[in-house]
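Here is how the chains run, residue by residue.
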Amino acid sequence: MFFSNMLACNASHSTPVGGGNAPKLVCQPPLNRKEVEERRRTFRTEVVHTVDKMVASMWRISGAVNRALVKARYPLQLSLRRGQASVSYAQSLLGVSETRLTTLSNGLRIASEETNQATCTVGLWIGCGSRYESEKNNGAGFFLEHMAFKGTKKHPQSALEQAVESMGAHLSAYTSREHTAYYMKTLAKDLPKAVELLAEVVQSSSLSEAEMEQQRNVVLRELEEVEGSLQDVCLDLLHATAFQGTPLGHSVLGPSVNARTLTRNDLVEYINSHYKAPRMVLATAGGVNHDDLVALAKQHFSGVSFEYEGDAVPVLSPCRFTGSEIRMRDDAMPLAHVAIAVEGAGAASPDIVPLMVANSIIGSYDITFGGGKNLSSRLARLAAELNLCHSFQAFHSSYSDTGLLGIYFVTDKHKIEDMMHWAQNAWMNLCTTVTESDVARAKNALKASLVGQLNGTTPVCDDIGRHILNYGRRIPLAEWDARIEAVTPRIVRDVCSKYIYDKCPAVSAVGPVEQLPDYNRMRSAMYWLRF
């Protein structure tokens, strides 16, 4: 309407009569409808062409910037092509840095994995834990863990803490049934100082009487806190009944009576008996150089003893497994915590990988999970559809010569019998009817778990230390992958039949467990009558 209702008045720049400079205004007659439509089309076409030119210009600028980033190797450059991975899974396994291993003259081993990172984790892994304790000194290793950072002969507690804080480092320790570890995460440039402090903590702890009395209260409070963790209580009871009468039945923390009565001489005797060089591994991961680490180890750990008094080298006695049960009934608790297990394979057994795949088939479940009937694990689907439990988890605790293969679940007091039935049914399926698709899914989940758990220098360092103690070498991820890939449904059925089928289970239960079936009923569910 704009063009049809106006007079098109154009300023003509032709010179007017008389030689003036003012432009001459020439008025044209109104346009007809056909001419108006023609001008509209022309206007739209010009606008579109202008926009196209702007977009093309922007793409040219973007392409030029991208090429400049490529030439400059700019760190923010990313591959954004959909579906294209820069490194395949197989290449990532082969690209893992080699773990180098050196042994000193006194038998102490040094293992490292260099990853060119700015940080590193260094630690000392020792082959001792609650399994090496007696009923009298059970808990000595855990007590010693608390005393380790309370000062050394060279550095009192305040100086030790200040030295760690000044590096921005993190110093920690843990004790398990067969291993003890002291480790520190710090900047790679501070590795020499970290090794020096670790050597002092392990070899020259002051163990003052006054500090011991103070730490007794700390240990007793931790024992009270652990009693509030029903999962820890249930699994400790499981070990106590499964390995009753043997050192593996001992709790890592020890009983409260020992925490009150352990003396400085007990701790010194524990150190002299077990802190020997052949049972130690100095492990590192991150921005470290192996040759430099060996030099530091020679400087700070060459004096670690490798001899035993009277040549009495401690030898681990076999820990027998006993099919049995233990119940702690408390109807005031809201939920029942139950664990059932059979004797599993030792850490170095070739059956360990098929059992890991079997556990991956059973999987885990939590009531907060989404998925419901679409969950991949059959037991998880049943738990979601039938409201069998709040959570469950398949586990395999492996030790040097034995292990526990089991299922732990938390459920309502009225669902205990149903959940126990389906858990044992899942075991029977592993022994008889496991399928190709089950195994394929479980192998993928297991591979992802193995790779995912080594995220950071501290998990890698812990993996190195435990592997050297258990296997005498670090098993690379590529080898784990090959061993997992070699597992077939037939192997899973055969190995599970060997460890699960018609075997006596160990059972522990805490809480309102009145509905837990009689032990004979649970034992009879460990086999099927087949014709």
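As the structure is a computational prediction, the values presented were derived from the model and not from experiment. (Residues numbered from 1 in each chain as written. Predicted model: local features only at pLDDT ≥ 70, side-chain atom pairs only at ≥ 80, totals over all residues. Heavy atoms only, no water.)

Caption draft 1: The arrangement of the overall build of the protein in detail. In terms of helices and strands, the protein carries 18 helices and 14 strands. Counting across all 531 residues of the protein, residues that qualify as buried make up 45%. Within the protein, residue pairs in contact and separated by at least 24 positions form 80% of the contacts whose partners lie at least 6 positions apart. In the structure as shown, the protein presents an accessible area of about 27,900 Å², 53% of it carried by carbon and sulfur atoms. (Helix = DSSP H or I, 4+ residues; strand = E, 2+ residues; numbered from the N terminus. Buried < 20%, exposed > 50% of the residue type's maximum accessible area, 1.4 Å probe, protein only. Contact = heavy atoms within 4.5 Å. Areas by Shrake-Rupley, 256 points an atom, 1.4 Å probe, with all protein chains shown as cover.)

Caption draft 2: The arrangement of the pattern of salt bridges in detail. In the structure shown here, the tally under the stated rule is 23 salt bridges. Note that arginine 216 and glutamate 213 form a salt bridge whose closest N and O atoms lie 3.2 Å from each other. Highlighted residues: arginine 216 and glutamate 213, both in helix H6 (residues 209-228), separated by three residues, approximately one helical turn. Given the relative accessible area of 43%, glutamate 213 is considered partly exposed. With a shortest N-O distance of 3.8 Å, lysine 443 and glutamate 485 are connected by a salt bridge. Residue lysine 443 is located in helix H14 (residues 436-452), and its partner glutamate 485 is located in helix H16 (residues 477-485); the two are separated by 42 residues in the primary sequence. Here lysine 443 falls in the buried class, since its relative accessible area comes to 9%. Classification of glutamate 485 as partly exposed rests on a relative accessible area of 44%. Here the residues in one salt-bridge network are Glu113, Asp462, Asp463, Arg466 and Arg474, joined through shared partners. (Salt bridge = Lys/Arg side-chain N within 4 Å of Asp/Glu carboxyl O.)

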